[in-house]
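Now for the letters of each chain:
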Amino acid sequence: MALTTLSETRCFGGRQLRLSHTSQSCKCDMTFAAFLPAEAANGPVPVMIWLSGLTCNDENFTQKAGAQRYAAEHGMALIAPDTSPRGDDVPDDPDGAYDFGLAAGFYVNATEAPWATHYHMYDYITKDLPEALGELPVDLGRAGIAGHSMGGHGALTIALKNPGVYQSVSAFAPIVSPMNCPWGHKALGGYLGPDQATWAAHDAVALVADAPERLPLLVDQGRADGFLDEQLKPELLRAASDRAGHPLELRLHDGYDHSDVVIATFIGDHISHH
């Protein structure tokens, strides 16, 4: 899978790149950011996949989180893919809403028209992106996955559904149960249709009950997050993990909200976790 370099710059002794490639799953060109530490010049390095949230693309995490400093200290690569398919033929929410369509792929494979043609973000993250990373000096046998909000939902569900693929997982302010919040009802209903039995495969609270691997979950959540009670509901994940005996470290922080500065505050902890 040929990669096209859109930009490259030095960063903490390594390289920060922006790359594009053709995605068979999304049937369009996709873009992702890649930080490669200095150690990558000598061979494959461990890697953390970062999934961003609503309204974001591949650049938000790269430019705002300050993660490269910590990744360089650990000799770890960072990969930040886009959050949805893009292009003139890719449909968007007809009302231009921020929580559906472009920049809101929700990391699922859509089955409903007109989304089913391009919106296959689950397959993109689990199939196309790893294939593309085969051209970079990263060791996918030492891979972790993390994300924020919608991306936290993606990181948790993808890790829970793919035992053995990821060695670690973490999330900031994740949507832990799309089946039980307005964002999830809109996204899963729109992409997957009204049968909620199909939604459970993309709900971390539902998945943790029967997860075939007990990969420890690290979750940071601000108590001042305006979406906490209606959309995020971390207490549901705590309860489900307790019932299943699934290891969860849920850290609640007074005064912190849903913004990118929360990621910047705690990303060093997450890099160390991975």
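Residues numbered from 1 in each chain as written. Predicted model: local features only at pLDDT ≥ 70, side-chain atom pairs only at ≥ 80, totals over all residues. Heavy atoms only, no water.

Caption draft 1: The overall build of the protein chain, seen in detail. When helices and strands are tallied, the protein chain shows 9 helices and 9 strands. The C-alpha radius of gyration computed for the protein chain amounts to 17 Å, which stays within 12% of the reference 19 Å derived for 274 residues, consistent with globular compactness. Projected onto its principal axes, the C-alpha coordinates of the protein chain cover approximately 50 × 40 × 35 Å. When the 274 residues of the protein chain are sorted by exposure, 56% land in the buried category. (Helix = DSSP H or I, 4+ residues; strand = E, 2+ residues; numbered from the N terminus. Rg over C-alpha atoms; globule rule 2.2 N^0.38 Å. Buried < 20%, exposed > 50% of the residue type's maximum accessible area, 1.4 Å probe, protein only.)

Caption draft 2: Layout of the pairing of strand S1 (residues 4–11). Two strands pair when backbone bridges link them, and S1 and strand S2 (residues 14–23) are joined in this way by 7 bridges, in the antiparallel orientation. The residue bridging Thr4 from the neighbouring strand is Ser20, located in S2. As consecutive antiparallel partners, S1 and S2 are separated by 2 residues, and within that stretch Phe12 has a phi angle of approximately 45°, a positive value. (Pairing = 2+ DSSP bridges.)

Caption draft 3: Main features of the packing of helix H2 (residues 67–74) against helix H9 (residues 260–273). Remark: H2 packs on H9, axes separated minimally by 9 Å, with the N-to-C direction vectors making an angle of 30°. Relative to H9, the element H2 lies roughly parallel. In this structure, the crossing between H2 and H9 has a hand that is right-handed. Residues Ala67, Tyr70, Ala71 and His74 of H2 form the contact with H9, whose own contacting residues are Ile267, Gly268, Ile271 and Ser272. Its residues placed into classes, the contact of H2 with H9 shows 5 nonpolar, 3 polar and no charged. (Axes fitted to C-alpha atoms, helices over the stretch in contact; angles between N-to-C directions. Parallel < 35°, antiparallel > 145°, perpendicular 65-115°, else oblique. Left-handed = near helix turned anticlockwise from the far one by under 90°. Contact = heavy atoms within 4.5 Å. Nonpolar A, V, L, I, M, F, W, Y, C, P; charged D, E, K, R; others polar.)

Caption draft 4: Region of the structure containing the confidence of the model for the protein chain. Of all residues in the protein chain, 100% have pLDDT values of 70 or greater, and the mean over the chain is 98. Within the protein chain, the lowest mean pLDDT, 97, falls on helix H1 (residues 60–64), and the highest, 99, falls on strand S5 (residues 77–81). (pLDDT = per-residue confidence, 0-100.)

Caption draft 5: Just the nonpolar core, in detail. Among the nonpolar cores identified, the biggest contains 67 residues, and Phe32, Ile79, Ile125, Ile145 and Tyr191 are the most heavily contacted of them. The biggest single contributor to this core is helix H3 (residues 121–133), with 7 residues. Within the second largest apolar cluster, 20 residues are counted, among which are Ala65, Ala72, Ala146 and Ile271. (Core = buried A, V, L, I, M, F, W, Y, C linked by side-chain atoms within 4.5 Å.)

Caption draft 6: The arrangement of the pattern of salt bridges in detail. Applying the stated criterion across every chain yields a total of 13 salt bridges. With a shortest N-O distance of 3.9 Å, Asp123 and Lys127 are connected by a salt bridge. Taken together, the positions of Asp123 and Lys127, both in helix H3 and 4 residues apart, correspond to about one turn of that helix. Overall, the relative accessible area of 16% leaves Asp123 in the buried class. Notably, a salt bridge pairs Asp254 with Arg223, separated by 2.8 Å at the nearest N-O pair. Pair noted here: Asp254 is in the loop between strand S9 (248–253) and H9 and Arg223 is in the loop between strand S8 (217–222) and helix H7 (228–232), with a separation of 31 residues, a long-range link. Using a relative accessible area of 47% as the deciding quantity, one classes Arg223 as partly exposed. (Salt bridge = Lys/Arg side-chain N within 4 Å of Asp/Glu carboxyl O.)

Caption draft 7: Representation of helix H5 (residues 182–192). Listing the buried residues of H5 in full gives Trp183, Gly184, Ala187, Leu188, Tyr191 and Leu192. Summarising the axial view, the buried residues of H5 lie within an arc of 100°, below the 170-degree limit, and thus occupy one face. On its buried side, H5 packs onto H7. (Arc of directions from axis to C-beta.)

Caption draft 8: Examining the sheet that holds S9 more closely. Strand order in this open sheet of 9 strands is S1-S2-S3-S5-S4-S6-S7-S8-S9, and the pairing throughout is mixed. At either end of the open sheet lies a strand with only one pairing partner, and these are S1 and S9. On average, each strand axis in the sheet is tilted by 20° relative to the strand beside it, whichever way the strands run. Sheet topology places strand S4 (residues 45–51) next to S5; 3 bridges connect them, and they run parallel. Within S5, the position partnered with Met48 by the bridge is Leu78. Contacts between H3 and the sheet are confined to S2, strand S3 (28–36), S4, S5 and strand S6 (138–148), with S3 contributing the most and set at about 60° to the helix.

Caption draft 9: Region of interest: the packing of aromatic side chains. Here the structure, examined in full by the defined rule, presents 9 aromatic pairs. An angle of 85° between the planes, with centres 4.8 Å apart, marks the rings of Phe100 and Trp115 as edge-to-face. Placement of the pair is Phe100 in the loop between S5 and H3 and Trp115 in the loop between S5 and H3, with a sequence separation of 15 residues. Residue Phe100 is classed as buried on the basis of its relative accessible area of 5%. Judged by centre distance (5.5 Å) and plane angle (85°), the rings of Trp115 and Tyr119 are edge-to-face. Taken together, the ring pairs in this structure connect Phe100, Trp115, Tyr119 and Tyr191 into an aromatic cluster. Positioned above the aromatic ring of Tyr70, the side-chain terminus of Arg69 is 5.8 Å from the ring centre. (Phe/Tyr/Trp six-rings, centres within 6.5 Å; stacked < 30°, edge-to-face > 60°. Lys NZ or Arg CZ within 6 Å of the ring centre and 35° of its normal.)

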